[in-house]
Amino acid sequence: MSELTRLTAAEIAVKVQAREVSAVEVAQAHLDRIAAVDHAVHAFLHVDTERALAAAKAVDDDVAAGRPAASPLAGVPLALKDVLAMQGAPTTCGSKVLENWQPPYDATVTQRLLRAGVVVLGKTNMDEFAMGSSTENSAFGPTRNPWDLDRIPGGSGGGSSAALAAFEAPLAIGTDTGGSIRQPGSVTGTVGVKPTYGTVSRYGLVAFSSSLDQAGPCARAVLDAALLHEVIAGYDPLDSTSIDAPVPPVVAAVREGATGDLKGVRVGVVTEFAGDGYEPGVTAAFTAAIEQLRDLGAEIVEVSCPSFDLALPAYYLIAPSEASSNLARFDAMRYGLRIGDDGTHSAEEVMSLTRAAGFGAEVKRRIMLGTYALSAGYYDAYYGSAQKVRTLIMRDFDAAFAKVDVLVSPTTPTTAFKIGERTADPMAMYRADLCTIPSNLAGNAALSVPCGLSDGLPVGLQIMSPALQDHRGYRVAAAYEAARDAAQGGPLIHRVPELEVSR
Amino acid sequence: MPSISRAEVAHLARLARLAVTEEELDLFAGQLDQIVAAVAQVGQVADQDIPPTSHAVPLTNVFRRDQVRPGLTQRQALASAPAAEDGRFRVPRILGEEA
Amino acid sequence: MTTPELMDYAEVVDRFDPVLGLEVHVELSTATKMFCGCPTAFGGEPNTQVCPTCLGLPGSLPVVNAVAVESAIRIGLALNCEIAEWCRFARKNYFYPDMPKNFQTSQYDEPIAFNGWLDVTLDDGEVVRVEVERAHMEEDTGKSLHVGGATGRIHGAEHSLLDYNRAGVPLIEIVTKTITGTGARAPEVARAYVSTLRDLLKALDVSDVRMDQGSLRCDANVSLMPSGTTVFGTRTETKNVNSLRSVERAVRYEMTRQAAVLASGGSILQETRHFEEASGTTRGGRRKETSEDYRYFPEPDLVPIAPARDWVEELRGTLPEPPAERRRRVQAEWSLTDLELRDLVNAGALDLVAATVAAGAPPADARSWWVSYLAQQANNRGVELTELPITPTQVARVIALVTDGSLTNKLAREVVDGVLADEGDPDQVVATRGLKVVSDDSALTAAVDEALAAQPDVAVKIRDGKHAAAGAIVGAVMKATNGQADAKRVRQLILDRCGA
Ligand SMILES: [Mg+2]
Ligand SMILES: [Zn+2]
């Protein structure tokens with residue numbers, strides 16, 4: 001493996017600006033790595049070698065001409081989740097319904113990346129329409145976890161997390177509706193951040209659940225995530241739910257945190273996220289991380305958020321309800337797959353046949369569930385009640401954040417499970433997002449940072465911050481990361497086993 | 001305890017425009033039953049006087065100026081169409097509500 | 001299909017009380033669509049006024065048009081509605097190929113305006129107050145073209161072609177409360193309501209209100225209850241009612257049809273019916289196999305609307321004089337009879353006459369030009385009066401030229417013809433067509449002498465004091481001068497020459 005692929009994004013950017021290495025060399029090293037290992041990992045659905053090299057060349061030209069860098073990440077390669085629109089490349093959302101669909105426009109996130117000189121290598125695999133916690137629901141086959149190829153890389157953004165852990169890209173974009181950035185980050189030993197809802201534009205993000213979806217940065221290091229965060233975040237008039245406020249100062253917070261001092265920071269441990277269902281190895285790693293935070297000077301308190309117990313059921317009503325409506329547009333009329341248009345079937349029949357053939361089992365299940373929850377006679381008991389639970393969860397967060405600066409929990413109750421292990425049991429699968437869902441329902445910021453291994457598999461520490469206070473979590477994560485690496489003699493991600501390389 | 005019948009599943013599938021096989025009716029009925037039973041506990045707050053939250057952000061009055069923005073050309077609009085004719089999307093016959 | 005039995009109208013209103021409910025959809029004349037920046041102009045090439053949002057492309061998002069909200073509030077205020085302190089959009093979920101997202105973004109239980117009324121004046125001057133339930137914002141659908149099949153209609157078509165230029169155009173849906181107690185006048189009330197509403201919307205300048213182009217559409221809900229009872233019967237909803245006259249005919253037809261069904265012991269099906277312009281009848285639709293369940297829920301892609309009270313009051317200040325009040329004022333100022341006023345209004349000429357008067361013309365002359373000669377020209381061309389290529393200022397100038405004697409009425413009509421033929425302003429037309437009245441006495445005298453010489457017997461009669469005979473000579477002179485003579489002056493000259 002080229003040393004270039006082991007660098008952090010921040011290091012690559014500095015070297016490119018210093019002309020120690022060209023952006024083209026960096027891009028080529030990652031493209032070579034993808035060619036060497038992606039047959040085994042299957043993180044990518046689409047790799048755009050030509051455009052990646054052209055984008056890298058443009059950065060090199062800027063450097064050569066002495067023009068200022070487009071951003072602190074100019075020339076750094078990135079893997080884009082296939083749920084974000086990008087002109088000139090397919091956007092499939094991991095679904096047969098959208099196989100070969102090319103959007104005629106760029107998502108705002110895509111546009112910001114391209115303008116920042118970030119080199120987009122390609123589009124990453126995901127659970128179909130972001131519905132899943134394992135990436136097994138992709139219509140194009142599962143992605144494998146580089147820590148153990150028999151295991152899942154998390155989901156729905158398993159392609160993005162696996163690309164990082166396999167050193168195919170130093171940066172990736174994920175989207176998080178119930179944990180789809182944080183849970184994959186947790187099980188692959190990478191950093192995943194769900195920013196405050198409304199701070200990263202959803203324009204061009206193919207909606208799963210509009211009131212919950214949020215795109216965010218994925219990286220192998222906290223600083224890299226913060227640098228990417230500042231590139232993609234910010235007000236967008238094309239998204240009505242976009243907040244017109246300055247981007248939280250996350251990079252500055254990382255630099256502050258890296259000094260290793262958390263004195264005066266109050267950290268609340270969510271008491272509800274422990275006990276039965278939490279693997280002993282996960283609990284042990286989490287407990288050790290809390291001790292580490294205490295050693296850094298943080299004040300640790302226990303905080304109860306009783307309504308969090310209702311978060312999972314509320315989520316599995318709200319998200320499928322919104323999804324049932326958002327996915328109605330995939331009807332074979334204007335774009336995408338069309339089945340049964342042989343002159344004998346009506347438009348309505350073609351819609352039904354196409355949707356039956358084009359959607360996978362999990363998507364159909366959630367469409368059916370959402371259709372049920374919104375139907376006349378059930379609305380109040382299900383969707384209406386779930387929205388009340390949402391209020392209670394926000395109140396729990398408000399009460400907690402009145403006492404502490406950040407809340408912490410394990411990111412997910414278990415380490416990466418085996419591919420196929422939970423596919424027959426939807427409810428077992430859904431429990432992977434137990435700890436991540438409350439922040440989606442409340443809209444506040446949350447991230448996952450690796451906090452050790454259990455039986456050789458990564459465990460994640462989730463740090464939750466109040467809305468628009470994303471920088472608090474970054475500060476704590478950066479302090480913890482520095483202490484963890486110092487204690488363990490190097491980045492945790494470097495302990496990922498060597499992948500077998502083809503060629 | 002909810003119990004979702006095959007007929008109800010068939011009705012939902014029709015509302016959602018999903019062609020379902022006989023086997024799928026049984027499969028979905030069983031799975032929906034299981035999931036709905038698990039999520040039904042949110043109903044414990046149904047009678048409580050709690051305002052529902054539909055949006056995570058406390059924004060109101062987000063408007064756009066009434067100013068034309070460039071859109072797509074006809075060619076771009078139709079580029080992904082499964083079928084097109086005379087600048088329009090061609091779709092199978094529509095069974096109208098009118099006779 | 002057999003033609004349904006109809007009950008004689010007099011018997012219908014004797015035996016039943018009609019109950020009406022009217023839903024009017026108005027397309028706003030904003031520059032852009034409800035949720036995206038695409039233009040709303042009518043008649044563009046198909047699928048050229050579209051973008052990711054109004055095509056429902058994956059990943060696209062809506063943003064509310066500020067002017068559409070402003071228009072909705074102004075309409076609400078003009079209809080004497082309360083304006084919501086806080087309201088939202090909802091999604092109405094159902095699949096239909098003309099709807100790109102397969103849900104309509106609309107307002108459901110939280111309309112922006114509610115609880116209003118509109119006073120409607122019937123032909124005989126009776127005023128009926130129609131209560132308005134709500135006015136809410138929503139978006140229009142695309143248009144389908146049905147190809148194949150004998151009738152070109154949706155039924156029997158082989159396939160359909162879709163144009164989404166109209167998809168997402170802002171609509172305001174105005175729904176009345178049930179209208180009861182109107183008896184035999186129900187059809188007239190329905191027409192008068194739509195007509196009054198149309199005038200109001202026109203005065204607000206929020207819509208083109210063209211029923212023929214679909215920018216104003218009316219759905220009529222009709223039911224009957226036996227006279228003296230108070231329990232509403234089953235209602236039908238008639239769509240495709242594309243003119244004021246059709247509103248009246250559709251309601252009347254439904255009353256006679258439903259009465260016949262009820263009288264024969266049948267029951268009314270709750271259904272959507274289609275109005276047939278040609279026959280003046282309604283026909284039932286294809287039955288839906290299952291009842292629709294729209295699964296409304298708050299639109300998560302849009303945030304709530306909470307119109308500030310001072311904004312609402314500011315908008316109240318922009319409301320025009322209500323059309324009914326304006327009419328009363330104009331009638332007094334211009335000394336019009338009820339009939340004259342009605343003709344003026346029916347011709348759609350009120351604004352034009354007012355503008356002509358504002359440009360200096362006497363009200364009687366202005367009114368006369370617009371409701372007679374110009375109305376006739378518009379009719380000949382098959383256009384609305386407002387679409388004639390002549391301005392009120394130009395009409396006022398023509399009237400001034402007649403008043404100062406420069407033009408005769410006949411010449412004035414020729415000048416107007418010239419303006420309509422795009423030959424320029426009235427003065428230019430007068431110059432280029434050479435239409436000035438001939439007032440040079442020597443030229444006229446010569447023409448008079450010539451005419452008298454040609455008809456000596458007539459000349460004798462005039463000299464004998466039969467002044468009425470002068471008409472024949474006037475006619476001859478006018479003919480000889482191509483109508484450019486002042487007829488009064490000619491007559492005077494004839495009498496002078498004959499020593500009468
Ligand atoms: Mg409507
Ligand atoms: Zn548009």
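Residues numbered from 1 in each chain as written. Chains lettered and ligands numbered in written order. Predicted model: local features only at pLDDT ≥ 70, side-chain atom pairs only at ≥ 80, totals over all residues. Heavy atoms only, no water.

J.: Break down the sheet that holds strand β7 (residues 266-270) of chain A for me, with residues and values.
T.: Residues and elements named next belong to chain A. Read from one edge of the open sheet, 11 strands run β1-β3-β2-β4-β6-β5-β10-β11-β9-β7-β8, paired in mixed fashion. In this open sheet, the two edge strands, each paired with only one partner strand, are β1 (44-47) and β8 (299-303). Ignoring strand direction, the axes of neighbouring strands in this sheet form an average angle of 30°. Packed onto the sheet, helix α4 (residues 108-115) meets β2 (77-81), β3 (119-124), β4 (171-175) and β6 (215-219) and runs at close to 175° relative to β2. (Pairing = 2+ DSSP bridges. Helix = DSSP H or I, 4+ residues; strand = E, 2+ residues; numbered from the N terminus. Axes fitted to C-alpha atoms, helices over the stretch in contact; angles between N-to-C directions. Contact = heavy atoms within 4.5 Å.)

J.: Could you give an account of the interface of chain A and chain C, naming the residues involved and the relevant values?
T.: Frequently, the measure chosen for interface size is the accessible area that the parts lose on association. Facing the 37 residues of chain A at the interface are 31 residues of chain C. Across the chain A to chain C interface the summed buried area is about 2700 Å²; carbon plus sulfur atoms make up 59%. In terms of surface lost to chain C, no three residues of chain A exceed A:Ser240, A:Arg329 and A:Arg334, which account for 23% of the buried area on that side. There are 1 salt bridge connecting chain A and chain C. A salt bridge links A:Arg202 to C:Asp301, with the nearest nitrogen and oxygen atoms 3.0 Å apart. Scanning the region where chain A abuts chain C turns up 18 residue pairs in polar contact (both at pLDDT 80 or more). (Buried area = accessible area lost by both parts, 1.4 Å probe. Salt bridge = Lys/Arg side-chain N within 4 Å of Asp/Glu carboxyl O. Polar contact = N/O pair within 3.5 Å; in protein donor to acceptor, adjacent residues only side chain to side chain.)

J.: Before we move on, could you go through the pattern of salt bridges and cite the residues and values that matter?
T.: The tally for this structure, following the rule as stated, stands at 57 salt bridges over all chains. Of the charged contacts in the structure, one is a salt bridge between B:Arg6 and B:Glu22, with a shortest N-O distance of 2.8 Å. Residue B:Arg6 is located in helix α1 (residues 6-15), and its partner B:Glu22 is located in helix α2 (residues 22-39); the two are separated by 16 residues in the primary sequence. By relative accessible area, B:Glu22 is classed as partly exposed at 48%. With a shortest N-O distance of 2.9 Å, C:Glu313 and C:Arg316 are connected by a salt bridge. Separated by 3 residues within a single helix, C:Glu313 and C:Arg316 lie in helix α5 (residues 309-316), roughly one turn from each other. Classification of C:Glu313 as partly exposed rests on a relative accessible area of 42%. Residue class for C:Arg316 comes out partly exposed when judged on its relative accessible area of 40%. Each of A:Arg202, A:Asp239, C:Arg91, C:Glu299 and C:Asp301 takes part in a single network of salt bridges with overlapping partners. (Buried < 20%, exposed > 50% of the residue type's maximum accessible area, 1.4 Å probe, protein only.)

J.: Would you mind going over the sheet that holds strand β8 (residues 143-147) of chain C in detail, with residue names and values included?
T.: Reading across the sheet, the 4 strands line up as β2(B)-β3(B)-β9(C)-β8(C) and stay open at both edges, with antiparallel pairing between neighbours. What marks the edges here is a single partner per strand, and that holds for β2 (84-85) of chain B together with β8 of chain C. In this structure, strand β3 (residues 88-92) of chain B lies alongside strand β9 (residues 159-163) of chain C, joined through 4 bridges in antiparallel fashion. From the neighbouring strand, B:Val91 faces β9(C), where its bridge partner is C:Ser160.

J.: Hey, could you go over the coordination of the magnesium ion (ligand 1) for me, with residue numbers and the actual values?
T.: Residues and elements named next belong to chain C. Only Glu-138 (OE), Glu-138 (OE) and Glu-173 (OE) from the protein reach the magnesium ion (ligand 1) as donors, at distances of 2.0 to 2.7 Å. Here Glu-138 is found in strand β7 (residues 127-139), whereas its partner Glu-173 is found in strand β10 (residues 170-176), with 35 residues between them in sequence. You can call Glu-138 buried: its relative accessible area is 4%. (Donors = N, O, S within 2.8 Å, 3.2 Å for Na, K, Ca; no water.)

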